[in-house]
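Structural characterization, general
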Amino acid sequence: MKLRSEARNLLSRDYKPKLFATMTKWQTKFILQLFSLLVPLIFSFAVEAGVFTLQNGDQLSGEVVNESEKEITLQHAVLGILTIPKNQLQSKL
């Protein structure tokens, strides 16, 4: 009998997972909206790091801050922010 009542609860429209069972409707809505705002924010901080070889043979490593058609902006650990024209890049590792 217990299994039947649990199945009936799952199929009913008013079923709430146990996490949300004690929350009011506005609290549940607030948490879901907050979560939907935080997830993209967290993933926007994913940064591409790499080693770049210039035409003259120098190598620079750093995190790509911005990339456009003509240039790449890197955050280097020692040199800070560097903007390098793409025509001066030989390769990217």
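The preceding data block contains the structure.
I will try to describe carefully the structure that is included in this document. (Residues numbered from 1 in each chain as written. Predicted model: local features only at pLDDT ≥ 70, side-chain atom pairs only at ≥ 80, totals over all residues. Heavy atoms only, no water.)

What follows covers the sheet that holds strand E4 (residues 80–85). Across the sheet, which stays open at both edges, the five strands sit in the order E4-E3-E2-E1-E5 with antiparallel pairing between neighbours. Only two strands of the sheet have a single partner each, and these edge strands are E4 and strand E5 (89–92). Neighbouring strand axes in the sheet, compared pairwise and without regard to direction, differ in orientation by 45° on average. Here strand E1 (residues 48–54) runs beside E5; their pairing, made up of three bridges, is antiparallel. Of the residues in E5, the one forming a bridge with Thr53 is Ser91. (Pairing = 2+ DSSP bridges. Helix = DSSP H or I, 4+ residues; strand = E, 2+ residues; numbered from the N terminus. Axes fitted to C-alpha atoms, helices over the stretch in contact; angles between N-to-C directions.)

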